[in-house]
Amino acid sequence: MRKDINVTNLGYDEWKTMRSTYLGTSEWSKVVGASKYGSPLSVYDEKMNGAEDIDNNIMKFGRLMEPVVSSLFEEKTGLLTSDDPYIRFHTNYPYLATNLDRVTNVPGHGPAVVEIKTTCQSAYEIWPVSGTDIDGNECRLPKEYMIQIQGQMFIMGYTKAYTSVFYTPNYSNDFKLIVQEHEYDPELTYQVVKELNRFWNKHILKKIPPDPESKLDIKIAYPQHEEGTAMDASN
């Protein structure tokens, strides 16, 4: 069993090196082809060559807002949250890991994941419908996040998770906080983990890249390729 790692005093370069040794739950949707933000090849490239240093004001805003949204979640639900400053590894799959935003304890149930997201109204409104929130209203969540929280529950051994989505409506001085409760889906998780296991063993361990699937993948697979010359991808 792989030991969990406290990230409190982990340097950025050390963290980047560590990430090449596991699949974080935010990457799972990319591996299974369910993300618009990456692909199996892009994940492979990051594990082999290291991730690019990407940061922007939106990402910084999300990090700064985490404690605020956590407090709003507590106010809305009556559930207390706590930090979990560890990279957590699955007992049987040492290459599957997660770093939780927050955890909570639900009376009569036990521990649960709290995943915090910040977005804008225009982005939220095009997310797919994911069910109803704790107030009984229709709510939305991308499939990338659905896979992420299922992975978090799988690694932690939890059967419940919450997403807490914060955004400010256009032309408003108010804000929206949408809290949705999620139950563990063993069938979905089984299918995802099955593909993650295949990917890790076939591609990462053997250092064999997956086939490119998009124009972006073509650039990753063939960095010297010149635009305007013929080269096919599956989509």
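Residues numbered from 1 in each chain as written. Predicted model: local features only at pLDDT ≥ 70, side-chain atom pairs only at ≥ 80, totals over all residues. Heavy atoms only, no water.

## A closer look at the side chain of T189
Our working definition: Under the scheme used here, helices are H or I runs from DSSP no shorter than 4 residues and strands are E runs no shorter than 2 residues, and both carry numbers assigned from the N terminus. For this analysis, a polar contact is any N or O atom pair within 3.5 Å, provided that within protein one partner can donate a hydrogen and the other can accept it, and provided that sequence-adjacent residues contribute only side-chain to side-chain pairs. Whether two residues are in contact is decided by their heavy atoms: any pair within 4.5 Å suffices.
Tracing the backbone through its elements, the reader meets T189 in helix α7 (residues 186-204). Among the polar contacts made by the side chain of T189, one reaches the main-chain carbonyl oxygen of D185 at a distance of 2.9 Å. Apart from the residues within four sequence positions on either side, T189 is in contact with Q150, F154 and Y184.

## Focus: the pairing of strand β7 (residues 110-118)
Rules: Here's how the labels work: a residue is buried when its accessible area is under 20% of the maximum for its type, exposed when over 50%, partly exposed in between, all with a 1.4 Å probe on protein chains only. Following DSSP output, two strands are said to pair if at least two bridges run between them.
By the criterion of burial, β7 is predominantly enclosed, with seven of the nine residues buried. Alignment of strand β6 (residues 102-106) against β7, held across five bridges, turns out to be antiparallel. Each bridged residue has a counterpart across the sheet, and for T104 the counterpart in β7 is A112. Where β6 folds back onto β7 in an antiparallel hairpin, the turn is made up of three residues, including G108, whose phi is positive at roughly 80 degrees. Here six bridges tie β7 to strand β10 (residues 160-167), and the two strands are oriented parallel to one another. Within β10, the residue paired with T118 across the bridge is F166.

## Examining the packing of helix α6 (residues 143-156) against α7
For clarity, the threshold we go by: The angle between two axes is taken between their N-to-C directions and runs from 0 to 180 degrees, where each axis is a line fitted to C-alpha atoms and a helix contributes only its stretch in contact. Every angle not falling under 35 degrees, over 145, or within 65 to 115 is termed oblique; those three ranges are roughly parallel, roughly antiparallel and roughly perpendicular.
Where α6 meets α7, the closest approach of the two axes is 10 Å, and the angle between their N-to-C directions is 90 degrees. Between α6 and α7, the angle falls in the class roughly perpendicular. Residues I147, Q150 and F154 of α6 lie in contact with α7, whose contacting residues are L188, T189, V192 and V193.

## As for the side chain of H203
For H203, the location among the structural elements is in helix α7. Look at H203 and you get buried, because its relative accessible area is 7%. The contacts of H203, once residues within four sequence positions are left out, are Y44, R198, I208, P209 and P210.

## Thoughts on unusual backbone geometry
We note that K207 has phi near 55 degrees; this positive angle belongs to a residue other than glycine. For K207, the location among the structural elements is in the loop between α7 and α8 (215-221). On the basis of relative accessibility, which here comes to 60%, the residue K207 falls in the exposed class.

## Comments concerning helix α3 (residues 40-49)
Considered for burial, the residues of α3 that qualify are P40, L41, S42, V43, Y44 and K47. Looking at the residues trailing α3, positive phi occurs at G50, about 90 degrees.

## What about the nonpolar core?
This is how the line gets drawn: Here, the term nonpolar core denotes a set of buried Ala, Val, Leu, Ile, Met, Phe, Trp, Tyr and Cys residues that are joined through side-chain atoms within 4.5 Å.
Core analysis: the biggest nonpolar cluster contains 26 residues, and L23, W28, L96, L196 and F199 have the highest contact counts within it. Of all the secondary structure elements, the ones that give two or more residues to this core are α2 (28-31), α3, α6 and α7. Setting aside chain neighbours within four positions, we find L196 in contact with L23, W28, V31, Y95 and L96.

## Examining the pairing of β10
Of all eight residues in β10, eight are buried, a share of seventy percent or more. Residues K160, Y162, S164 and F166 line one face of β10 and the alternating positions A161, T163, V165 and Y167 line the opposite face, and both faces are buried. In the sheet, β10 pairs with strand β11 (residues 176-183) via eight bridges, with the strands oriented antiparallel. Bridge pairing in β11 links F166 to L177.

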